[in-house]
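# Observations on the three-dimensional arrangement
Chain by chain, the residues run as shown.
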Amino acid sequence: MDGRAVAPAAGTVLNALATGTGSAFAIDLETTATVDLTDDDEIVGEIADQPDADATLIERCAELTIAEYADAAGLDETDVGARVRTESEVPMAAGLKSSSAAANATVLATLDALAVADAVDRIDACRLGVRAARDAGVTATGAFDDASASMLGGVTVTDNTSDALLARDEVDWWALVYTPPEQAYSADADVSACERIAPMATLVEELALDGRYGEAMTVNGFAFSAALEFSTGPMIDAMPDVDGVSLSGTGPSYVAVGEREPLEAVRDRWTDRDGTTRLLQTRTDGTRIQ
């Protein structure tokens, strides 16, 4: 039995490192996972075009999903193995939620292979991927905010300490993404520095829950750029032409949102910087079986 699923990346409204509350929105970069079930009780993961990459996260996603749902599929989990492969448009360690997209795609592809995907609530599937991310050590918070945005689409606000969905909304934005050449791994972020700006994060949370996502993003961006020692230059380049702009996750990418024409003007400024700039649409649909 085999399964296949696609999950979108996401940008940040509120980084959850300060208070445990986070917010993110889905963007049109995708990760695809394929899962082939076997009867050898071995789970082996592979990341396309990266033979030396650590596949622990996707292997753990398949393992947890099989353990949770093999019985519902009429299988003995002790006999079920899997071959997992992901391929992605999402750059790794860039702040664009590549791990969450890989986890969501793998969980849903495994559910598809087990032929039980339609019976599993998407938030429950999302929480499996979050558990796997914590087990694999690829996130400091569990990243339920990022994972929920990728799984459900739209904008989500979450309590990452309890994996609770506080709000979900749909927005009609274009998104401009600037990714510098360097990488930044979420698990290496200075959590203590982020915790010191908790009052600003609380303000961002209030703005987000009030639907003022653009303002929330911008406040978040200046606060966390300072805490994580990233330049605010790309944000200054984008203002005041955009609805919102922020450092995404723990960097190094920046994401601006708004109407297409103003974002095209910002793109001209960002392309003068080293790195890659992409103009994308936001996504109101999330992870889906393909």
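Residues numbered from 1 in each chain as written. Predicted model: local features only at pLDDT ≥ 70, side-chain atom pairs only at ≥ 80, totals over all residues. Heavy atoms only, no water.

## Quick look at the domain arrangement of the chain
Convention followed: Per the annotation, domain bounds derive from an automatic or database assignment of domains. For this analysis, residues touch if any pair of their heavy atoms sits within 4.5 Å. Salt-bridge detection follows one rule: a side-chain nitrogen of Lys or Arg within 4 Å of a carboxyl oxygen of Asp or Glu. N or O atoms closer than or at 3.5 Å make up a polar contact, with two conditions inside protein: a donor-capable atom paired with an acceptor-capable one, and, for residues adjacent in sequence, both atoms drawn from side chains. The way it works is that DSSP assigns letters per residue, a run of H or I at least four long becomes a helix, a run of E at least two long becomes a strand, and they are numbered from the N terminus. Note that Gly is not counted as nonpolar here; it falls among the polar residues with everything else outside the nonpolar set of Ala, Val, Leu, Ile, Met, Phe, Trp, Tyr, Cys and Pro and the charged set of Asp, Glu, Lys and Arg.
You can read the domains of the chain as domain 1 (2-171) and domain 2 (174-281). Across the boundary between the two partners, domain 1 contributes 31 residues, which contact 38 residues of domain 2. Inspection of the domain 1/domain 2 interface yields 0 salt bridges. Counting across the domain 1 and domain 2 interface gives 10 residue pairs in polar contact (both at pLDDT 80 or more). For the side of domain 1 that touches domain 2, the secondary structure elements donating two or more residues are β1 (2-14), β2 (21-38), β5 (155-159) and β6 (164-169). Of the residues in the side of domain 1 that touches domain 2, the class split is 20 nonpolar, 8 polar and 3 charged.

## Quick word on the pattern of salt bridges
The condition is simple: When a residue's accessible area, from a 1.4 Å probe over protein chains only, is under 20% of the maximum for its type it is buried; when over 50% it is exposed; and in between it is partly exposed.
Within this structure, the stated rule accounts for 16 salt bridges. Between R283 and D28 there is a salt bridge whose closest N-O contact spans 2.9 Å. A residue pair is termed long-range when its members are at least 10 positions apart, and R283 in the loop between β10 (276-281) and β11 (288-289) and D28 in strand β2 qualify at 255 residues. Accessibility expressed as a relative area gives 33% for D28, which makes it partly exposed. Residue E264 pairs with R260 through a salt bridge whose shortest N-O separation is 2.9 Å. Here E264 pairs with R260, and both are found in helix α9 (residues 260-270), just 4 residues apart, close to one helical turn. In this structure E264 comes out as partly exposed when scored by relative accessible area, which is 26%. The exposure class assigned to R260 is partly exposed, which follows from its relative accessible area of 37%.

## Some remarks on the side chain of S253
Locating S253 in the fold gives a position in the loop between β8 (244-247) and β9 (254-258). Looking at S253, the relative accessible area reads 0%, which means it is buried. Separated by 2.8 Å, the side chains of S253 and T179 make a polar contact. Once residues within four sequence positions are removed from consideration, S253 is found in contact with A94, L96, V177, Y178, T179, P180, S246, L247 and S248.

## Remarks on the UniProt feature "domain: GHMP kinase N-terminal" (unreviewed entry) in the chain
Here is the rule we go by: UniProt positions are given in the numbering used here, feature names are shortened, and annotations may be inferred rather than shown by experiment.
UniProt's entry tags residues 60-154 with the feature "domain: GHMP kinase N-terminal" (unreviewed entry), counted in the numbering of this structure. The straight-line gap between the two end C-alpha atoms of residues 60-154 is 26 Å; of that span, 53% is helix and 8% is strand.

## Let's talk about the pairing of strand β4 (residues 81-88)
We count it as follows: When DSSP locates at least two bridges between a pair of strands, those strands are taken to pair. Crossover handedness is defined by viewing with both strands directed away from the observer: a clockwise path from the first strand over the helix to the second marks the crossover as right-handed.
When β2 meets β4, the two strands line up antiparallel, connected through 8 bridges. Residue A33 lies in a different strand from β4, and its bridge partner there is T86. Bridge count between strand β3 (residues 43-47) and β4: 5 bridges; the pairing is parallel. The residue bridging E46 from the neighbouring strand is R85, located in β4. As a crossover connection, the stretch from β3 through helix α1 (residues 56-69) into β4 is left-handed.

## Some thoughts on the nonpolar core
Formally: Working definition of a nonpolar core: buried Ala, Val, Leu, Ile, Met, Phe, Trp, Tyr and Cys residues. They are joined through side-chain atoms within 4.5 Å.
With 46 residues, the main nonpolar core has F25, I27, A256 and W270 as its most contacted residues. The leading source of residues in this core is helix α7 (residues 213-227), at 6 residues. A domain split of this core shows at least three residues from each of domain 1 (2-171) and domain 2 (174-281). Of all hydrophobic cores here, the second largest spans 42 residues; its members include Y69, L111, L128 and A132.

## Some remarks on the UniProt feature "binding site: ATP" (unreviewed entry) in the chain
According to UniProt, the feature "binding site: ATP" (unreviewed entry) maps to P91, M92, A93, A94, G95, L96, K97, S98, S99, S100 and A101 in the numbering used here. If we skip the residues at most four places from it in the chain, P91 touches L29, L96, S98 and R278. Examined against the element boundaries, K97 turns out to sit in the loop between β4 and α2 (98-113). Using a relative accessible area of 8% as the deciding quantity, one classes K97 as buried. With near-sequence residues (within four places) excluded, K97 lies in contact with A10, G11, T12, D146, S248 and G249.

## Some details on the environment of E261
Secondary-structure assignment places E261 in helix α9. Along the backbone, E261 and D241 are 20 residues apart, and their C-alpha atoms lie at a distance of 9.4 Å.

## What to know about the environment of V44
Its place among the elements puts V44 in strand β3. Residue classification places V44 among the partly exposed residues on the basis of a relative accessible area of 39%. Each C-alpha atom of the pair V44 and D169 lies 36 Å from the other, and the pair is 125 residues apart in sequence. Setting aside its immediate chain neighbours within four residues, V44 contacts E59, A82, R83 and V84.

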